[in-house]
Amino acid sequence: MTNEPITPPIGAPDEAASTEGMWRAILLGTDPRFARTRAWLKHIPGTPRCKMCAAPFGGFGQPLMHLIHRDRWAKNPLYCGFCFRVLQEHHGGAEIEASFLFADVRGSTSLAERMTPTEFRRLLDRFYDTASRILVDHDAIVDKFVGDEVIGLFIPALAHGVHAARAIAAARALLRATGHSDAGGPWIPIGIGVHTGVAYIGSVGEPPVTDLTALGDVVNTTARLSSAAATGETLVSESAAIAGGFDTASLERRDLELRGKAERTPVFVVSVG
């Protein structure tokens, strides 16, 4: 989105329908402002970045962001001031099909026991920085960092019709970047889950804790796939593999019993290469 005011579609029957229409247009890319703005902002050097538009808060890009009023929002440092106002003023969202990536550190308790708290924090910071860079490079929104886990959203507005393929490519890139294809082994062990399905995505919560996030069974399933993945593995759901254009006959298949699921869930193991 640009610095133009965001307005609901003309002709909406009521405020709720109007807000849903606005969010659907943003998420699906039928309102091109969000995707176009994020496409150029993500190439301006600097970290960390706005979770929604990828405006850089530090480095070379920070002075430019100040000029265009996209400084870090004081009430929520995950967003620039412009994007956070959009979340506040247009509270709501829409149900769309998207893809999700959860990357989880394996054995974080034992890792923490072998180093000082400061060393462990530095290790997680390196993981967060690496994951953020890869997710943004693959057209994802970094949903959140939860403890030792990173969550990425791949929406049609940014990743277009290939959001599942982009999520799987990001998983492979993240495994490579954390050393899972190195002879000496990874510098941090992780497992990844990727899933595609319909979720509610939008502005959730009340100020000052308003957040852009996703809700629904697809999100919970992705989290469970990540938990079930061994170190160096990406477990991809059948829906994500098919949507990503993979020849599933060539992939290792497993049928998993996931917590809360009445039936076993078919998944495919996608390697680093």
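Residues numbered from 1 in each chain as written. Predicted model: local features only at pLDDT ≥ 70, side-chain atom pairs only at ≥ 80, totals over all residues. Heavy atoms only, no water.

1. Focus on the pattern of salt bridges
Within the structure shown, the criterion is met by 13 salt bridges. The partner of Arg106 in a salt bridge is Asp104, with the nearest N and O atoms 2.9 Å apart. Its relative accessible area of 14% is what places Arg106 among the buried residues. Linking Arg166 and Asp139 is a salt bridge whose minimum nitrogen-to-oxygen distance equals 3.3 Å. (Salt bridge = Lys/Arg side-chain N within 4 Å of Asp/Glu carboxyl O. Buried < 20%, exposed > 50% of the residue type's maximum accessible area, 1.4 Å probe, protein only.)

2. As for helix α6 (residues 117-137)
Its 21 residues place the ends of α6 30 Å apart at the C-alpha level, agreeing with the 30 Å of an ideal helix rising 1.5 Å per residue. Residues of α6 that are buried include every one of Phe120, Leu123, Leu124, Phe127, Tyr128, Thr130, Ala131, Ser132, Ile134, Leu135 and Val136, and no others. Asp139 sits one or two residues past α6 and shows a positive phi near 70°. (Helix = DSSP H or I, 4+ residues; strand = E, 2+ residues; numbered from the N terminus. Expected span 1.5 Å × (residues − 1).)

3. Regarding the pairing of strand β5 (residues 149-154)
For β5, a buried count of 6 out of 6 residues is recorded, marking the element as mostly surrounded by other parts of the structure. Burial of β5 is two-sided: the residues Glu149, Ile151 and Leu153 facing one way and the residues Val150, Gly152 and Phe154 facing the other way are all buried. Relative to β5, strand β3 (residues 93-105) runs antiparallel, the two being bridged by 6 bridges. Bridged to Asp104 within β5 is Glu149. (Pairing = 2+ DSSP bridges.)

4. Points about a nonpolar patch on the surface
A cluster of nonpolar side chains, Trp40, Leu64 and Leu67, forms an exposed patch at the surface whose accessible area comes to about 310 Å². Tracing the sequence through the fold places Leu67 in helix α3 (residues 62-67). (Patch = residues over 30% accessible without salt bridge, like charges linked within 9 Å, V, L, I, M, F, W, Y side chains within 5 Å. Areas by Shrake-Rupley, 256 points an atom, 1.4 Å probe, with all protein chains shown as cover.)

5. Regarding the environment of Leu174
Along the chain, Leu174 falls in helix α8 (residues 163-177). With 71 residues separating them along the chain, Leu174 and Ala103 place their C-alpha atoms 8.7 Å apart.

6. Some thoughts on the side chain of Thr222
Locating Thr222 in the fold gives a position in helix α9 (residues 217-228). Among the residues examined, Thr222 registers a relative accessible area of 0% and is labelled buried. Looking at Thr222, its side chain comes within polar contact range of the main-chain oxygen of Val218, at 2.7 Å. Sequence-distant contacts of Thr222, defined by excluding residues within four places in its chain, comprise Phe100, Leu101, Phe102, Gly193, Val194 and His195. (Polar contact = N/O pair within 3.5 Å; in protein donor to acceptor, adjacent residues only side chain to side chain. Contact = heavy atoms within 4.5 Å.)

7. Comments concerning the environment of His163
Inspection of the secondary structure assignment puts His163 in helix α8. Sequence-wise, His163 and Ser227 are 64 residues apart; in three dimensions their C-alpha atoms are separated by 22 Å. Among all residues touching His163, those that are not within four sequence positions of it are Glu97, Ala98, Ser99, Phe154, Pro156 and Thr196. Reaching out from His163, the side chain makes a polar contact with the side chain of Ser99 at a distance of 2.8 Å.

8. Remarks on the packing of α6 against α8
Viewed as axis vectors pointing N to C, α6 and α8 meet at an angle of 150°, and their least axial separation amounts to 9 Å. Relative to α8, the element α6 is oriented roughly antiparallel. The hand of the α6/α8 crossing is right-handed. Counted together, Thr130, Ala131, Arg133, Ile134, Leu135 and Asp137 of α6 and Arg166, Ala170, Ala173, Leu174 and Ala177 of α8 form the full contact between these two elements. Split by residue class, the contact of α6 with α8 holds 7 nonpolar, 1 polar and 3 charged. (Axes fitted to C-alpha atoms, helices over the stretch in contact; angles between N-to-C directions. Parallel < 35°, antiparallel > 145°, perpendicular 65-115°, else oblique. Left-handed = near helix turned anticlockwise from the far one by under 90°. Nonpolar A, V, L, I, M, F, W, Y, C, P; charged D, E, K, R; others polar.)

9. Structural notes on the confidence of the model for the chain
Chain-level pLDDT for the chain is 87 on average; 92% of the residues reach the 70-or-more range. Every residue in residues 4-13 scores below 50 in pLDDT, and together they form 18 contacts with partners more than four places removed in sequence or on other chains. (pLDDT = per-residue confidence, 0-100.)

10. Things to note about the packing of aromatic side chains
For the coordinates displayed, the defined rule picks out 3 aromatic pairs. Measuring from ring centre to ring centre gives 5.9 Å for Tyr79 and Phe84, while their planes differ by 45°; the resulting arrangement is tilted. Ring pairing ties together the aromatic residues Trp73, Tyr79 and Phe84, which thus form one cluster. Across the ring face of Trp187, the terminal group of Arg126 is positioned such that the distance to the ring centre comes to 3.7 Å. (Phe/Tyr/Trp six-rings, centres within 6.5 Å; stacked < 30°, edge-to-face > 60°. Lys NZ or Arg CZ within 6 Å of the ring centre and 35° of its normal.)

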